[in-house]
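# Chains, contacts and geometry: an overview
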Amino acid sequence: SVPQIAVILRTGSAEGLSLTSNLMELLCFTVTVAYNIQQGYAFNTYGEVFACWIQDAFIVGLIFRHMRLSWSIIAASTAAFAASCFWLFSPMCPIHLLSALQMSTVVVMALGARVPQIWLNVKRGNAGVLSPLTCLLNVAGCVVRVFTTAVLTRDGIIMGGCITQLILNAILLYQSIATPGKIRAVGTATATTAATATALAVTDPPSGGAGTTRRQLGGSSQGAAASTAADGNSAATGNSGNIAVSAASAVVAPAVSPGQGGSKLGEAGGSGGSGDSGGSGVSSSGGGGGALPMPVRAAA
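As the structure is a prediction and not an experimental result, all values here were calculated from the model.

### Thoughts on a nonpolar patch on the surface
A grouping of Phe 86, Trp 87, Met 92 and Leu 97 is seen on the molecular surface, where their side chains present a nonpolar patch of about 420 Å² in accessible area. Relative to the assigned elements, Leu 97 resides in helix α5 (residues 95-124). For Leu 97, a relative accessible area of 33% gives the class partly exposed.

Structural data, given as structure tokens:
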């Protein structure tokens, strides 16, 4: 489970991981470790389960963290888990009850720990941050577990659980490889947004700057028309004040910054953005300026 832990820490997300699956898996590992200890089996027959048990507790803690649960819920869950461990590992838990719990882990691991994760992947259409390497190691661990059980303990209860888990882990491995989740690392979204904003500022800056969408803006029908350069500083003067725009800039006009004394895109006459006889395609509020222009359409 170390690769899975690394993925969660790197992406800062537990998206796509089933809390139900991991909780059930943690409980089953707890019962399995307690059962093997109570039976007096050698550590090499259940050592990988012990390692997965510790790592699973860490993964559940990370999922709780990213779910942003309250501290009271986390504390209550931790206390309940600690009490369960204390009872299962102590002589107070009868061996026949522990054997029954171990037998139930075959079903619980299948229906409670693996199937919910498999079904969640199907509903989402991808495996989220589910680590393919962890799934591969789970499959390899199940294969080794089947071998050690057959050779060392020949315990039918444990063997049935191992074979079932081998099949279900193989399905999860296929899902993690065939439908990986596209989860961006922390900070990627912010960096992408900043880069997009910079690109927009270069191609179509606010009033005054150079940009590809600024084109030649025509003048009036009678007065002298000053050519509107790319920097947007020249204005057209005259009686009619009509503005002709090229097709490239006919969609959206740039905003007029406050205090410029009317629109720079078609200032006709002395005070505002409209001329004496004709209507400007870009209107302003008068001498004060600052009004956002309406979309500019090409003059007939």
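### Quick look at the UniProt feature "transmembrane region" (unreviewed entry) in the protein chain
On the UniProt side, "transmembrane region" (unreviewed entry) is annotated at positions that read residues 69-89, 95-115, 127-150 and 156-174 here. The span residues 95-115 shows a helical share of 100% and a strand share of 0%, and its end C-alpha atoms are spaced 29 Å apart. Here residues 127-150 is 79% helix and 0% strand, with 33 Å between the C-alpha atoms at its ends.

### A short note on empty space enclosed by the protein
As enumerated under the stated definition, the model contains three cavities of 30 Å³ or more in all. Of the volumes computed, that of the largest cavity is approximately 230 Å³. Lining the largest cavity are 19 residues, with Asn 22, Glu 25, Arg 114, Leu 130 and Asn 138 sitting closest to its centre. Counting residues per element, the ones that place at least two in the lining of the largest cavity are α2 (19-39), α3 (47-66), α5, α6 (132-153) and α7 (156-178).

### Considerations on the nonpolar core
A general tendency of soluble globular proteins is for nonpolar side chains to be buried together. Judged by nonpolar contacts, the single largest core of 18 residues is most densely connected at Ile 8, Leu 17, Ile 59, Ile 63, Leu 130, Cys 135 and Leu 172. In this structure, Val 49, Phe 64, Cys 85 and Ala 113 belong to the second largest nonpolar core, which totals 14 residues.

### A few points about the packing of aromatic side chains
Applying the stated criterion to the full structure yields four aromatic pairs. Pairing Phe 43 with Phe 50 gives two aromatic rings, centres 5.9 Å apart and planes at 65 degrees, and the pair type is edge-to-face. On the numbers, 5.6 Å between centres and 55 degrees between planes, the contact of Phe 50 with Trp 53 is tilted. Within this pair, Phe 50 and its partner Trp 53 are both found in helix α3, separated by three residues, close to a single helical turn. Given a relative accessible area of 31%, Phe 50 falls into the partly exposed group. For Trp 53, a relative accessible area of 12% puts it in the buried group. Grouped by ring-pair contacts, the aromatic residues Phe 43, Tyr 46, Phe 50, Trp 53 and Phe 89 constitute a single cluster.

### Side note on unusual backbone geometry
Unlike most non-glycine residues, Arg 68 shows phi in positive territory, near 55 degrees. Look at Arg 154: it is not a glycine, yet its phi comes out positive at around 55 degrees. Turning to its location among the elements, Arg 154 is positioned in the loop between α6 and α7. Residue Arg 154 is classed as exposed on the basis of its relative accessible area, which comes to 69%.

### Focus on the environment of Ile 118
With respect to the element layout, Ile 118 can be found in helix α5. Given the relative accessible area of 13%, Ile 118 is considered buried. Separated by 54 residues in sequence, Ile 118 and Leu 172 have C-alpha atoms that sit 6.3 Å apart. Look past the residues within four positions of Ile 118 in its chain and what remains in contact with it is Leu 168, Ile 171, Leu 172 and Gln 175.

### Remarks on the pattern of salt bridges
Scanning all chains against the criterion turns up three salt bridges. Note that Arg 114 and Glu 25 form a salt bridge whose closest N and O atoms lie 2.4 Å from each other. With Arg 114 in helix α5 and Glu 25 in helix α2, this residue pair connects regions lying 89 residues apart in the sequence. Since its relative accessible area comes to 6%, Arg 114 is described here as buried. When the shortest N-O distance is used, the salt bridge between Arg 145 and Glu 48 registers 3.1 Å. In this pair, Arg 145 is assigned in helix α6 and Glu 48 in helix α3, connecting sequence segments 97 residues apart. For Arg 145, a relative accessible area of 7% translates into the label buried. With relative accessibility at 29%, the residue Glu 48 sits in the partly exposed group.

Calculation rules
Residues numbered from 1 in each chain as written. Predicted model: local features only at pLDDT ≥ 70, side-chain atom pairs only at ≥ 80, totals over all residues. Heavy atoms only, no water. Patch = residues over 30% accessible without salt bridge, like charges linked within 9 Å, V, L, I, M, F, W, Y side chains within 5 Å. Areas by Shrake-Rupley, 256 points an atom, 1.4 Å probe, with all protein chains shown as cover. Salt bridge = Lys/Arg side-chain N within 4 Å of Asp/Glu carboxyl O. Helix = DSSP H or I, 4+ residues; strand = E, 2+ residues; numbered from the N terminus. Buried < 20%, exposed > 50% of the residue type's maximum accessible area, 1.4 Å probe, protein only. UniProt positions renumbered as here; feature names shortened; annotations may be inferred. 1 Å grid on protein atoms, 1.4 Å probe; cavity = no way out; pocket = protein on both sides within 12 Å on 5 of 7 lines; lining within 4 Å. Points joined across faces, edges and corners; volume = space filled by probe spheres on them. Core = buried A, V, L, I, M, F, W, Y, C linked by side-chain atoms within 4.5 Å. Phe/Tyr/Trp six-rings, centres within 6.5 Å; stacked < 30°, edge-to-face > 60°. Contact = heavy atoms within 4.5 Å.

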